[in-house]
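Overview (structure and organization)
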Amino acid sequence: MARQPPLPWAHAAFLLLLLQLGGAIEIPMDLTQPPTITKQSVKDHIVDPRDNILIECEAKGNPAPSFHWTRNSRFFNIAKDPRVSMRRRSGTLVIDFRSGGRPEEYEGEYQCFARNKFGTALSNKIRLQVSKSPLWPKENLDPVVVQEGAPLTLQCNPPPGLPSPVIFWMSSSMEPIAQDKRVSQGHHGDLYFSNVLLQDMQTDYSCNARFHFTHTIQQKNPFTLKVLTNHPYNDSSLRNHPDMYSARGVAERTPSFMYPQGTSSSQMVLRGMDLLLECIASGVPTPDIAWYKKGGDLPSDKAKFENFNKALRITNVSEEDSGEYFCLASNKMGSIRHTISVRVKAAPYWLDEPKNLILAPGEDGRLVCRASGNPKPTVQWMVNGEPLQSAPPNPNREVAGDTIIFRDTQVSSRAVYQCNTSNEHGYLLANAFVSVLDVPPRMLSPRNQLIRVILYNRTRLDCPFFGSPIPTLRWFKNGQGSNLDGGNYHVYENGSLEIKMIRKEDQGIYTCVATNILGKAENQVRLEVKDPTRIFRMPEDQVVQRGTTVQLECRVKHDPSLRLTVSWLKDDEPLYVGNRMKKEDDSLTIFGVAERDQGSYTCVASTELDQDLAKAHLTVLGRPDRPRDLELTDLAERSVRLTWIPGDDNNSPITGYVVQFEEDQFQPGVWHDHSKFPGSVNSAVLQLSPYVNYQFRVIAINEVGSSHPSLPSERYRTSGAPPESNPSDVKGEGTRKNNMEITWTPMNATSAFGPNLRYIVKWRRRETRETWNNVTVWGSRHVVGQTPVYVPYEIRVQAENDFGKGPEPDTVIGYSGEDLPSAPRRFRVRQPSLETVNLEWDHPEHPNGILTGYTLKYVAFNGTKLGKQMVENFSPNQTKFSVQRSDPVSRFRFTLSARTQVGSGEAVTEESPAPPNEAYTNNQADIATQGWFIGLMCAIALLVLILLIVCFIKRSRGGKYPVREKKDVPLGPEDPKEEDGSFDYSDEDNKPLQGSQTSLDGTIKQQESDDSLVDYGEGGEGQFNEDGSFIGQYTVKKDKEETEGNESSEATSPVNAIYSLA
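Now for a description of the structure that goes with this document. These figures come from a predicted structure and were not determined experimentally. Throughout this document, residue positions are counted from 1 along each chain, in the order its sequence is written. Per-residue local features of the predicted model are confined to residues with pLDDT of at least 70, and side-chain atom pairs are confined, for both listing and counting, to 80 or more; whole-chain, interface and lining totals are unaffected and use all residues. Note: side-chain values were computed over all heavy atoms of the structure, leaving out hydrogens and water.

1. A word on the nonpolar core
Across soluble globular proteins, you tend to see nonpolar side chains buried next to one another. The criterion is simple. A nonpolar core is a set of buried Ala, Val, Leu, Ile, Met, Phe, Trp, Tyr and Cys residues joined through side-chain atoms within 4.5 Å. Note on classification: 1.4 Å probe, protein chains only; a residue is buried when its accessible area is under 20% of the maximum for its type, exposed when over 50%, partly exposed between these limits. Counting 52 residues, the largest nonpolar core has Trp-69, Trp-475 and Tyr-510 as its most contacted members. Helix and strand assignments come from DSSP, with helices taken as H or I runs of at least 4 residues and strands as E runs of at least 2, each series counted from the N terminus. Counting residues per element, this core draws most heavily on strand 47 (residues 519-530), at four residues.

Next comes the structure, spelled out in structure tokens:
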């Protein structure tokens, strides 16, 4: 961000204004005056032959002047030539060729004369020339034979044109000839080779001349070169060889000058022109050129080097640029120098140009014509176009060299004087009239003007006036009597008042008064002082990435009585605000910044009176431009050097390069990354593989992104060799149960190493002594058929090309195809509690592949009622699982199968055991609510009571009672669940008798007790029938036992009582 200083044109305008303020006073056009030339053609006037000829001459005067012309110093009678006419109220000549004629017939030196009764004014002598573009002479050019390393000059010799044509060299196919410090064009148009190389034969060379006026290009017949060499092959690897010339057998030579020749020369240049010095040298290696000035330094502000330092240009030459300059041509073999003596001459230039002289009768005056040049110019005075010597004598006039003095001037002295100063390099012609008038003062500007100015600025109040004798002028402020001159004020000759620095108190009314002996005149100017326009928040320099949004601020303070306009410049040109930009009063916003938006942005805040500028630079970070000019050098069997020229980094330094390659055999058109290099590198050695037809390209990378790929390099094919590796990722897998598919990753172009890449595939069963089976395959797979199910194989894949086989391959184990597995072994279902069911199993006996897991399907059921089927999948290592029961009644049916990638194999099914209280619970739920069951229970209870009473009576009598014959006494209704195969049992079936315990296998085990039912049997041993009825007779115990019988738990058992009465 920076506040801009006043623009350069503002300084120039102010200086021009000062010159005008000090210049001569103009005579108002309503007063009589001699002629004055106001417009004329240039001295050397070159015209296009296809257009009409126009020779300009305009003049003013009162009365209006008349015009006539001379051609080659003789009167040119316009009336006699129908093609020539003069514009109305003008002296401009028009020569019309629409009706025919040759423009060349009108070439010559023309001069215009403007005349009225008070004198005659002359134009410069105008040399009219018609532009020429002659054809190139036909010529047959023999081939130019030259030894490699020798210097060569191809001469252009263009036909002489007017003006001189622009020369450039191209091939016959219109391709520009590449130039560098070895091959370049001189300023005369010849093409110089400091040393010729074999590669220079690859094109021909044609000189072309472009003519300005006709806009035509003429081409010379091309030169062809025949280069004799000791190294007949144009090996690109030698182009950047550090010792290229020796490698090509070219002898090294010290420099010598091709232009200019010799050790010294001289050159003349005119003051104000450009000096161009040129030195072109031959030598091997190509010499470098350096420039020096004897006894001093080169003028740094005006000197610049051109044509690869072979030319030195000094602009706007002055006398101090004369002297001795020398160029130094050097290479490692030596150096030479050439001295150029520069002489600066000068056509005449003004020191004091004569100005119009306005005198009152009786006044004195003088005309001064002072010029300089080299050689010193001569001065010739004329009056009204005639030499002063041949003019009538005038006693009031005296000529003193470059000055004419007038004394006691009278009206008869009115005339136009010409001063012609000349030397061998040119001339200057100036007109100055002497006017004798008697005029009182008069104001020439509108009255009571309003002038608004900016605080602290320099300003000027104009008061143009005229009078003869020349009036004196004074300025006053606000009617005060003191004259304004000196200090902060300055009055110029033409009447303008300059105020060097405006302050608030300078505001007011200013009066200018012009006075001579004939009277006075006055005018007023009102001055208003305004506050300056200032940008108080300026745009700031910014660095942004492409695609972002940026805002440039510009906040302005200005005088409220002035209208403010804010505009923007980009790179000092008016900014076009497109649809990606938004301009507001205090900012400029750019959306989606692109590379073209980079540059300097200037905010211009302006009013009618002043402006303020603030500039900021916007830097856009973009992806780098693509690298260019890829070149392959140092070609070897397994390496090559790649060199490139980096592209523009677009304000973000290049951090790296990616080199990619493409080959045209395996994957034509597909680019692969080869290697990466840091951003400081632009040349690298690339390692290559055999038998690859390489083509390279380079991508540049910076923080913003990657460049577009460079244009590809030329191709380079390496020689072949046997493979040095074998394919990777070799596998053997079955796609069916009776096959094995052998696959591998095919080798790419950089590992093939030769043509006809193929693969030798070998296999055999593992851990056998079978011989290897083998087959040659061009693809990347082979299927082995008729294999057993899931059998391991040893596999080898070896690469081979036309140059031989690769190394011995590694052995890989593969397997033939899989099948469905057999059922899991020993599937066990256990129920450790009413809440949990545990499952266990063993792996299948025949997995037939790699087990991928197990699938368990199970469903809860209660009689004929089935729950929702559940499915669980287990890993191949899991062989246990637990199921939580959701109710105490249901059971589970389980189906388990193993899986391979082929699918699920044979399944095994088991059911969970019935819960211990399931039958009793079901009978309670189903029977206890029945009416008949309630009645039956009541009858049984009554019967039991009666039997107990009878039994008690019998015991009290001591009698014996035989046990009834056994009967089938059902303990309850049949359990309907027995019919459907369930294993429900009544509570009595599962409850062991007192004095017994249940074994692990569910049988009732007799405990040792002397209080059991057995003791009551007559046979000494009691038994139960299959249906649970008692077998045997009830016997009375011994007396001792009888006394203890009522303590037995069995004596009070209702069931035993019933059995005893049966």
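2. A short note on the pattern of salt bridges
Between Lys or Arg on one side and Asp or Glu on the other, a salt bridge is scored when a side-chain nitrogen of the former is within 4 Å of a carboxyl oxygen of the latter. Scanning the entire structure with this criterion turns up 49 salt bridges. A salt bridge links Glu-553 to Arg-537; the nearest nitrogen and oxygen atoms lie 3.9 Å apart. Within this pair, whereas Glu-553 is found in strand 50 (residues 550-553), its partner Arg-537 is found in strand 48 (residues 534-537), the two being separated by 16 residues in sequence. A salt bridge links Glu-741 to Arg-781, with the shortest nitrogen-to-oxygen separation between them at 2.4 Å.

3. Here's the deal with a nonpolar patch on the surface
Judged by side-chain polarity, Leu-942, Leu-945, Ile-946, Ile-949, Val-950, Phe-952 and Ile-953 come together as a nonpolar surface patch covering roughly 670 Å² of accessible area. With respect to the element layout, Ile-949 can be found in helix 5 (residues 931-957). Distance thresholds for patches are 9 Å for like charges and 5 Å for nonpolar side chains (Val, Leu, Ile, Met, Phe, Trp, Tyr), applied to residues having over 30% relative accessible area and no salt bridge. Areas reported here follow the Shrake-Rupley algorithm with a probe of radius 1.4 Å; residue values treat only the protein chains shown as occluding.

4. Some points on the pairing of strand 70 (residues 792-801)
By the criterion of burial, strand 70 is predominantly enclosed, with eight of the 10 residues buried. Here, any two strands with at least 2 DSSP bridges between them count as paired. Taken together, the eight bridges between strand 67 (residues 758-765) and strand 70 define a ladder with antiparallel strand orientation. Paired with Arg-758 across the two strands is Glu-800, which belongs to strand 70. Strand direction decides the pairing type here: strand 70 and strand 72 (residues 812-815), joined by four bridges, are antiparallel. By the bridge assignment, Ile-795 is partnered in strand 72 with Val-812. Here strand 70 runs beside strand 71 (residues 804-805); their pairing, made up of two bridges, is antiparallel. If you follow Asn-801 over to strand 71, its bridge partner there is Gly-804.

5. Looking at the sheet that holds strand 74 (residues 836-842)
Across the sheet, which stays open at both edges, the three strands sit in the order 73-74-78 with antiparallel pairing between neighbours. Only two strands of the sheet have a single partner each, and these edge strands are strand 73 (825-830) and strand 78 (880-884). Recorded for the sheet is a direction-independent mean angle of 15° between the axes of neighbouring strands. As defined by bridge partners, strand 73 adjoins strand 74 across four bridges and the pair is classed as antiparallel. Opposite Arg-830, over in strand 74, you have Asn-838 as the bridge partner. For every element, the axis is a line fit to its C-alpha atoms; helices are fit only across the contacting stretch, and the angle between N-to-C directions ranges from 0 to 180 degrees.

6. Quick notes on the state of the cysteines
Each disulfide consists of one covalent bond between the sulfur atoms belonging to two cysteines. The rule for a disulfide is simple: a pair of cysteine sulfur atoms within 2.5 Å. Applying the stated rule across the entire model yields six disulfides. One disulfide bridge connects Cys-156 with Cys-207, the sulfur atoms lying 1.9 Å from each other. Residues Cys-156 and Cys-207 are joined by a disulfide whose S-S torsion is about -70°; by sign, that bridge is left-handed. Here Cys-156 is found in the loop between strand 14 (152-154) and strand 15 (166-170), whereas its partner Cys-207 is found in strand 18 (residues 206-211), with 51 residues between them in sequence. Each member of the pair Cys-156 and Cys-207 is classed as buried. The disulfide partner of Cys-279 is Cys-327, and the gap between their sulfur atoms is 1.9 Å. Disulfide Cys-279 to Cys-327: torsion about the S-S bond roughly -70°, handedness left-handed. Here Cys-279, found in the loop between strand 23 (275-278) and strand 24 (280-284), pairs with Cys-327, found in strand 28 (residues 323-331); they are 48 residues apart in sequence, far enough to count as distant. In terms of burial, Cys-279 and Cys-327 fall into one category: buried.

7. Let's talk about the side chain of Ser-184
Looking at where Ser-184 falls in the secondary structure, it is placed in strand 16 (residues 183-185). Residue class for Ser-184 comes out buried when judged on its relative accessible area of 0%. In terms of polar contacts, Ser-184 uses its side chain to reach the side chain of Lys-310, at 2.6 Å. Sequence-distant contacts of Ser-184, that is, excluding residues within four places in its chain, are made with Gln-179, Asp-190, Leu-191, Tyr-192, Asn-307, Phe-308 and Lys-310. What qualifies as a polar contact is a pair of N or O atoms within 3.5 Å, subject to a donor-acceptor requirement within protein and to the restriction that residues adjacent in sequence count only when both atoms come from side chains. Pairs of residues are marked as contacts when any of their non-hydrogen atoms sit within 4.5 Å.

8. Here's the deal with the side chain of Ser-822
Relative to the helices and strands, Ser-822 resides in the loop between strand 72 and strand 73. Reaching out from Ser-822, the side chain makes a polar contact with the backbone nitrogen of Glu-845 at a distance of 3.5 Å.

Honestly, that's just the spatial picture; any functional story needs more than this.
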